[in-house]
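Here is how the chains run, residue by residue.
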Amino acid sequence: MRQKLFIIFIMLSFSYFAQISEENNSVISEETQYCIDCHYTVTPGIVADWENSRHSKISMKKALQKEKLGRRVSVNEIPSEVKGEVLIGCYECHSLNEKLHTDNFDHFGYNINVIPSPNDCKTCHPVEVEEYSMSKKAHAIGNLKNNPTYHSLVKTIIGKSEFDGKMVKTFEPTSLTEGETCFACHGTKVEVVGKRIVDSELGEIELPELSNWPNQGVGRENPDGSLGSCTACHPRHSFSIEVARQPYTCGQCHLEPDVPSYNIYKESKHGNLFSSLGKNYNFEAIPWQAGKDFQAPTCATCHNSLLVGSEGEVIVERSHNFGSRLWERLFGLPYSHRQPKSGKTYEIVNADGLNLPTTFSGLPATHFLIDEGEALIRQEKMQSVCTSCHGTRWAENQLKKIERTNNEVDELVNTGTKLLQKAWELGIADKSNPFDEEIEIQWMNMWLFYGNSIRYATAMMGPDYSTFKNGWYRMKETIQKMKNTIDKN
Amino acid sequence: MRQKLFIIFIMLSFSYFAQISEENNSVISEETQYCIDCHYTVTPGIVADWENSRHSKISMKKALQKEKLGRRVSVNEIPSEVKGEVLIGCYECHSLNEKLHTDNFDHFGYNINVIPSPNDCKTCHPVEVEEYSMSKKAHAIGNLKNNPTYHSLVKTIIGKSEFDGKMVKTFEPTSLTEGETCFACHGTKVEVVGKRIVDSELGEIELPELSNWPNQGVGRENPDGSLGSCTACHPRHSFSIEVARQPYTCGQCHLEPDVPSYNIYKESKHGNLFSSLGKNYNFEAIPWQAGKDFQAPTCATCHNSLLVGSEGEVIVERSHNFGSRLWERLFGLPYSHRQPKSGKTYEIVNADGLNLPTTFSGLPATHFLIDEGEALIRQEKMQSVCTSCHGTRWAENQLKKIERTNNEVDELVNTGTKLLQKAWELGIADKSNPFDEEIEIQWMNMWLFYGNSIRYATAMMGPDYSTFKNGWYRMKETIQKMKNTIDKN
Amino acid sequence: MRQKLFIIFIMLSFSYFAQISEENNSVISEETQYCIDCHYTVTPGIVADWENSRHSKISMKKALQKEKLGRRVSVNEIPSEVKGEVLIGCYECHSLNEKLHTDNFDHFGYNINVIPSPNDCKTCHPVEVEEYSMSKKAHAIGNLKNNPTYHSLVKTIIGKSEFDGKMVKTFEPTSLTEGETCFACHGTKVEVVGKRIVDSELGEIELPELSNWPNQGVGRENPDGSLGSCTACHPRHSFSIEVARQPYTCGQCHLEPDVPSYNIYKESKHGNLFSSLGKNYNFEAIPWQAGKDFQAPTCATCHNSLLVGSEGEVIVERSHNFGSRLWERLFGLPYSHRQPKSGKTYEIVNADGLNLPTTFSGLPATHFLIDEGEALIRQEKMQSVCTSCHGTRWAENQLKKIERTNNEVDELVNTGTKLLQKAWELGIADKSNPFDEEIEIQWMNMWLFYGNSIRYATAMMGPDYSTFKNGWYRMKETIQKMKNTIDKN
């Protein structure tokens, strides 16, 4: 303790990071220097991580001198909140929009926000934040909570169960379990619920007490009211594009059994090449040149990065609206369907009056889904990525396969749905909650796990997920089990 | 579009890659240069990948000047089809044996094959292609399709099912689903089924229309009639040995639950060392020196690479007949058994008249399997790999363990078989198709997943696969389930 | 053969490694040089691995000249068994304490131990070996074998089963299967069971015959009577700290479904960062500086490495008593509970007289578990690791979440236990062996797999393991299955 205190004292008396600023005529602000002087010792990992970041190496003025395609900021001039020569340090981000921040607190004389939010990042990265706000990710909380069907599914899965000797009763999930399961990825609602005093080497510090935190879910509701969490993919405090472009990042949420895209990527030829040779790829280049910077794609390559060809010509534009190169939705629902028009999927109403993009028998809620024209535009975008490395026919055939696989899987799920309906008719199960009984869970396994697997396995070419691993094999096994249950009753 | 066209135009007027050829007095052929001039822009990933390849850096003449053990080609003199000073570019491979290629088409005045095949690679790599043709891999389509038992298994697993309110009917699998499941790895039959016109920046191009493609399965039947797909392990267009030697390549097909060798490798000490330190290994050295180039083996090390010791002495020869260092077959069938003599396993006939290497009760079809003498030769080969890094006693004991584990697993599967036979006797299931009912699927799980896991887990030392993960735990659980089903009926 | 013999002959006549010793005035001992002269050719991988080791580069004298925090040896002066200037080679380790080694044998005139043991490593690393001897790892064999409940579980899972047409009989597991399943990780009892003559290029060699070997389980009982296997984490013959600090090492045993910590780490933000950027980390630095040497932790960071802050101040001390920064035990038992005081968990006796830390209904055997005070000390240690990179409130909240998740999971398992007790009451299952019948296995799945997953998923932040992958989803599914079985009977 005393040793730590002594070190802090030493640190306060000189500025360790002064040299960084001199190198390129950019400067660390006085406020940020004050942060670092303490936090260099108190939370060395944070400071070191920031030192590795782009933020610690370039001022807004320098950033805007770069050629447009090579920029990481999307403002066209220096925002009023930012000093042009100043490096983007602790204070530059943690002090923004303090009026909006219920998590703002007095920290040794400075007003500091605990959680910088997309609305703060927007100061320098407005295009990215704007795009993101249109994605399903930004609305990931509402997409579960505001949809009664999904909400019922969530409650059934993560509500506590008690057995009283006769009945199994299910209770509402606790906010803890919500935050540790579905909403760990979807995002929690983080609120200031009080203040608390914490001891530190420099005396007592009064800090805001936050509910449902730590959390970094993609749709997090922040103490400033904004939605989203940039750190989900650009982890603080290096906010690295290198990390965001590697598949491990997407793999934190998009993984088997429910969204097996990461696992299927790893198993695919693309994933094999990345695993074998990715250590030589340039994950920092902006724009990202196909063939030169990488020879096999990662998730970001196909889904959202700005790609250029061998002469610097744009192949596809960057987008932080993550579904915007996708025309079909493959997971999370019994049947594949056109991508929804809006990121707020809870606004969809299907012919059965449910907030789902298709009915249980597969009829699409067309009005809420993109049309053929938009689907074709998106297919062309994706195909232009494919044809960076594959012939036109190769890419066209691959796209056709995806469509045909989706159709076959949808039919197979429909067989399961018919079996379930039979079970309901026969009184084997009670349809009031379609997610809680054994035969209903079998049906749910069919689309929540197996259907997704087969669809993704074709789309991203990882055939074991199509076959034995949560694929056809499990589909057929489940159909047999459901049929057996019906026959026995 | 116009931008692209302009760039292509520029490219056509000078030769970007001229400098490569000058470096070592090897030249890019005029035809290949013509390919590159366009494809540099049209498919930059392909050109960049080739640039990273050995093919773009060495002519056949230079290749033959290397010391024999260090060569990647297996011809002894320059083949008549190849010009000695020419680098191995697009045209050199895509123009070979055009008479055999039904996928040959006129491409701006050149006759181009869409799919170069093993028969084309054979021009410079005859020994590898010859060896490969003897492997089970080369016959991977026939080994499923020409074996009625396997074919019935395939149909049961991947045939569509419909429920008409009373019965679940199963249909023949579509060729799409075949190609996206079993035959994604085993290989599809790729045929020219017509022609199609595709728009390009340089006008319309008439291309052959190929069925069941894209596919890179190891036993692919190619438009020239040859079997196999070198790109499965040496992915185009770098055809890298570095990729082929990394476990991710094998892991595309050899993975849990049906062939968990990749997963078990990753969990083993060998895999741990590769994951921890493999970034420092030399995956390009030919020959591959144990201890110097790598300190822990990958799949290729033990199964097919040419290995030398500290003085360059040969430890084992390279082989592209992939089972040729193996004496026992661990997967894909209820019981372990001696390796088949021929790669065409569908030619086996057992005592029950089935094309399987053992009967359902475990009796081997000895005539079709290698004998004790050949088994010992192969064991010695493998042991010489082990003893590069392990003492003799260590290796001997390890080999004994494998044998004993196989025996125990076979007995356990036999317990399942006896339970199934009881279920058949009692009319609980109908033996006409042994793969489609619930208790039959349980039995199938025992050998298709759990037996394989335990056997591989001993062979490659990944004990969780022997225990909880598809191992003994699941075996015993399944035996209980089968017994319960029998008792209830 | 002759070629090999010739090479050996050449090697014997000059000393290949002479140059290593000259570089730093340290010398290879004459005995070790003699070993290398042969083994350089006979087992090149071993010699190369050693060449990469610290042991081949530094003598004890030099090691002790290092500043204390930077040392890898924990003796304070040169031990009598070691010559100060000598590099730590083959003979230095394989000749120690020969009187204790029943596996000692005459090898061309030298007395060599086949298996160097923790007791031998203790010569230079006494603190590490002493700490390790207090861990649960060191007693991993007894913790299974001397605990009748666990022993019954083991026997049920891995004992052979036979079906005689009416009954399924279970037999005692063979020592082979024990060694290939549970005791592969826990460790086998390795004993000398005879001698055997092996042919070599230099003539016949008489070697001790060892039972239950190869094995590298953490609690291995060695031929010298000691417990443990340092090579489990510091694989021979480089004994690398770089390997031990990478998560792959822990992942060999601590992996799903029974101990999913490795899998959850990989899925977490920590794991994502390690996978994305770990190639730039310094895994060899001693002490290990948070922020500088690494920016995201691996298993070793949080659980046992010596960590220092930005000014070299100690954050936590190194410990080879692996549970010593943990206050709660999350796996292997139905309910979470305080860590046991002793590494010998088989000495615990609970209120039901079983050697388990809680009763089947969750009552803790308090006397054998650490108390609140010790728990708090350990929490503070762990929190000081967290706060290297996270704020205090972040870390505190995370710790609270763990406690609350453990409570919720324990309640859920208890619902399963009540269902099982009902089944026992109704005669659906027989409680004499609580691990062998279908409904009992369902209950076992709940805590052995699903409960562990949820607890670890919160502790290490990998939410899919809390939700769909062996998490709440499976818990609720299992409760439904158990209830269904009860209702049908």
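These numbers were taken from a predicted model, which means no experiment stands behind them.

Engineer: For this particular structure, what's the right way to read the packing of helix 20 (residues 438-460) of chain A against helix 21 (residues 472-488) of chain A?
Structural biologist: In a pair of packed helices, the angle between the axes and the distance between the axes together describe the arrangement. All names here are of chain A. Look at helix 20 against helix 21: their axes get within 9 Å of each other, and the N-to-C directions meet at 165°. With respect to helix 21, the element helix 20 is oriented roughly antiparallel. Crossing handedness for the pair helix 20 and helix 21: left-handed. In this structure, helix 20 uses Ile439, Gln442, Trp443, Met446, Tyr450, Gly451 and Ile454 to contact helix 21, whose residues at the interface are Trp472, Arg474, Met475, Thr478, Ile479, Lys481, Met482, Thr485 and Ile486.

Engineer: Please clarify how helix 18 (residues 372-386) of chain C should be interpreted in this entry.
Structural biologist: Two residues of an α-helix separated by three or four positions point the same way, owing to the 3.6 residues in each turn. Residue and element names in this part refer to chain C. With 15 residues, helix 18 should reach 21 Å at 1.5 Å per residue; the first-to-last C-alpha distance of 21 Å fits that figure. Among the residues making up helix 18, those that are buried are Ala375, Arg378, Met382, Gln383, Val385 and Cys386. Taken end-on, helix 18 shows its buried residues confined to a sector of 145°, consistent with a single buried face. In this fold, the buried residues of helix 18 make contact with helix 17 (299-303), strand 8 (307-308), strand 9 (314-316), strand 11 (337-338) and helix 19 (392-425).

Engineer: How should I be thinking about the sheet that holds strand 9 of chain C in this particular structure?
Structural biologist: Residues and elements named next belong to chain C. Reading across the sheet, the 3 strands line up as 7-8-9 and stay open at both edges, with mixed pairing between neighbours. The sheet is open, and its two edges are formed by strand 7 (288-289) and strand 9, each paired on a single side. Of the strands in this sheet, strand 8 and strand 9 are in contact with helix 18, which crosses strand 9 at around 120°.

Engineer: Before we go on, may I ask you to explain the interface of chain A and chain C in this structure?
Structural biologist: A common measure of how large an interface is: the accessible area buried when the components associate. Every contact between the two is made by 70 residues of chain A and, on the other side, 56 residues of chain C. For the pair chain A and chain C, the summed buried area comes to about 5,500 Å², and 57% of that belongs to carbon and sulfur atoms. The three residues of chain A that bury the most area against chain C are Phe163, Leu176 and Glu180 of chain A, which together make up 13% of that side's buried surface. The tally of links from chain A across to chain C stands at 5 salt bridges.

Engineer: So what exactly am I meant to see when it comes to the state of the cysteines here?
Structural biologist: Here a disulfide denotes one covalent bond, and it connects the sulfur atoms of two cysteines. The final tally for this structure, using the stated rule, is 3 disulfides over all chains. Each sulfur of the disulfide joining Cys185 of chain B and Cys253 of chain B lies 2.4 Å from the other. Disulfide Cys185 of chain B-Cys253 of chain B: the torsion about the S-S bond is -100°, which places it as left-handed. Linking Cys185 of chain B in helix 12 (residues 182-186) with Cys253 of chain B in the loop between helix 14 (247-250) and helix 15 (261-267), this pair joins segments that are 68 residues apart in sequence. On the basis of relative accessible area, Cys185 of chain B is assigned to the buried category, the value being 15%. Cysteine Cys124 of chain A shares no disulfide, and the gap to the nearest cysteine sulfur, in Cys93 of chain A, comes to 7.4 Å. Exposure remark for Cys124 of chain A: the relative accessible area of 11% places this residue in the buried category. Distance from the sulfur of Cys250 of chain B, which forms no disulfide, to the nearest cysteine sulfur (Cys299 of chain B) is 3.8 Å.

Engineer: Help me out: how do you make sense of the sheet that holds strand 8 (residues 307-308) of chain B in this one?
Structural biologist: Sheets are built from strands paired through backbone hydrogen bonds, the pairs being either parallel or antiparallel. Residue and element names in this part refer to chain B. If you walk across this open sheet you meet the 3 strands as 7-8-9, and the pairing is mixed. In this open sheet, the two edge strands, each paired with only one partner strand, are strand 7 (288-289) and strand 9 (314-316). Both strand 7 and strand 8 contribute to a ladder of 2 bridges, which runs parallel. When the bridges of strand 8 are listed, Gln289 appears paired with Val308. Each of strand 8 and strand 9 touches helix 18 (residues 372-386); the most contacted strand, strand 9, lies at about 120° to it.

Engineer: How do you make sense of the pairing of strand 1 (residues 104-107) of chain C when you look at a structure like this?
Structural biologist: Two faces make up the sheet, and in a regular strand the side chains alternate between them. Residue and element names in this part refer to chain C. Note: strand 1 against strand 2 (residues 110-113), 4 bridges, orientation antiparallel. Directly across from Asp106, in strand 2, lies its bridge partner Asn111. Adjacent in sequence and paired antiparallel, strand 1 and strand 2 are bridged by 2 residues, among which Phe108 carries a positive phi angle near 50°.

Engineer: It is not clear to me how the pattern of salt bridges should be interpreted in this structure. Could you clarify?
Structural biologist: Any two side chains of opposite charge can pair, on the condition that their charged atoms come close. Under the defined criterion, the tally for this structure stands at 60 salt bridges over all chains. A salt bridge links Lys61 of chain A to Glu85 of chain A; the nearest nitrogen and oxygen atoms lie 2.8 Å apart. Of the two residues, Lys61 of chain A is situated in helix 5 (residues 60-65) and Glu85 of chain A in the loop between helix 5 and helix 6 (90-94); the sequence distance between them amounts to 24 residues. Here Arg196 of chain C ties to Glu396 of chain B by a salt bridge, and the two come within 2.8 Å at their closest N and O atoms. Separated into two different chains, Arg196 of chain C in strand 5 (residues 192-200) and Glu396 of chain B in helix 19 (residues 392-425) make up a pair that spans both. A residue is classified by how much of its surface remains accessible, and Arg196 of chain C, at 29% relative accessible area, is partly exposed. By relative accessible area, Glu396 of chain B is classed as buried at 16%.

Engineer: Hey, could you run me through the packing of aromatic side chains in this one?
Structural biologist: What describes a pair of aromatic rings is the distance from one ring centre to the other and the angle between the planes of the rings. Following the criterion strictly, the structure yields 48 aromatic pairs over all chains and no others. Ring centres of Phe449 of chain A and Phe468 of chain C lie 5.7 Å apart, and the angle between their planes is 80°; this geometry places the pair in the edge-to-face category. Of this pair, Phe449 of chain A sits in helix 20 while Phe468 of chain C sits in the loop between helix 20 (438-460) and helix 21 (472-488), on two different chains. You can call Phe449 of chain A buried: its relative accessible area is 0%. Here a set of aromatic residues connected by ring pairs shows up, and it is made of Tyr248, Tyr262, Tyr265, Phe274, Tyr281, Phe283, Trp288 and Phe294 of chain A. Over the ring of Trp288 of chain A we find Arg245 of chain A, and its NZ or CZ is 4.0 Å from the ring centre.

Engineer: For this particular structure, what's the right way to read the relation of the copies chain B and chain C?
Structural biologist: Note that the two copies of the chain are related through a rotation about an axis and a translation along the same axis. Laying chain B over chain C is done by rotating through 120° and shifting 0.0 Å along the axis; what remains is an RMSD of 0.0 Å. Expressed as a symmetry operation, the mapping of one chain copy onto the other fits a three-fold axis. Proximity to the rotation axis, assessed at the C-alpha, singles out Lys279 of chain B in chain B; its C-alpha lies 4.7 Å from the axis. Both copies present different contact surfaces, since only 4% of the interface residues of chain B are interface residues in chain C too.

Engineer: Please clarify how the relation of the copies chain A and chain C should be interpreted in this entry.
Structural biologist: The two copies are related by a screw operation: chain A maps onto chain C through 120° of rotation and 0.0 Å of translation along the axis, at an RMSD of 0.0 Å. The residues that chain A uses at the interface reappear at the interface of chain C in only 3% of cases, marking distinct surfaces.

Engineer: Would you explain the interface of chain B and chain C in this entry?
Structural biologist: Contacts between the two partners involve 56 residues from chain B and, on the opposite side, 71 residues from chain C. Taken together, both faces of the contact between chain B and chain C bury some 5,500 Å²; the carbon and sulfur share is 57%. Together, Lys269, Arg393 and Tyr473 of chain B form the three largest contributors to the area buried by chain B at its contact with chain C, with a combined 12%. The shortest N-O distance in the salt bridge between Glu209 of chain C and Arg393 of chain B comes to 2.0 Å. On inspection of chain B and its partner chain C, the count reaches 29 residue pairs in polar contact (both at pLDDT 80 or more). Broken down by secondary-structure element, the contributors of at least two residues to the side of chain B that touches chain C are helix 15, helix 16 (269-277), helix 19 and helix 21 (472-488) of chain B. A per-element tally of the side of chain B that touches chain C places helix 19 of chain B first, with 17 residues. The residue inventory of the side of chain B that touches chain C, partitioned by class, reads 12 nonpolar, 21 polar and 23 charged.

Analysis parameters
- Residues numbered from 1 in each chain as written.
- Chains lettered and ligands numbered in written order.
- Predicted model: local features only at pLDDT ≥ 70, side-chain atom pairs only at ≥ 80, totals over all residues.
- Heavy atoms only, no water.
- Axes fitted to C-alpha atoms, helices over the stretch in contact; angles between N-to-C directions.
- Helix = DSSP H or I, 4+ residues; strand = E, 2+ residues; numbered from the N terminus.
- Parallel < 35°, antiparallel > 145°, perpendicular 65-115°, else oblique.
- Left-handed = near helix turned anticlockwise from the far one by under 90°.
- Contact = heavy atoms within 4.5 Å.
- Expected span 1.5 Å × (residues − 1).
- Buried < 20%, exposed > 50% of the residue type's maximum accessible area, 1.4 Å probe, protein only.
- Arc of directions from axis to C-beta.
- Pairing = 2+ DSSP bridges.
- Buried area = accessible area lost by both parts, 1.4 Å probe.
- Salt bridge = Lys/Arg side-chain N within 4 Å of Asp/Glu carboxyl O.
- Disulfide = S-S within 2.5 Å.
- Phe/Tyr/Trp six-rings, centres within 6.5 Å; stacked < 30°, edge-to-face > 60°.
- Lys NZ or Arg CZ within 6 Å of the ring centre and 35° of its normal.
- Least-squares fit on C-alpha atoms with pLDDT ≥ 70 in both.
- Polar contact = N/O pair within 3.5 Å; in protein donor to acceptor, adjacent residues only side chain to side chain.
- Nonpolar A, V, L, I, M, F, W, Y, C, P; charged D, E, K, R; others polar.

Distances and angles like these do not, on their own, reveal function.
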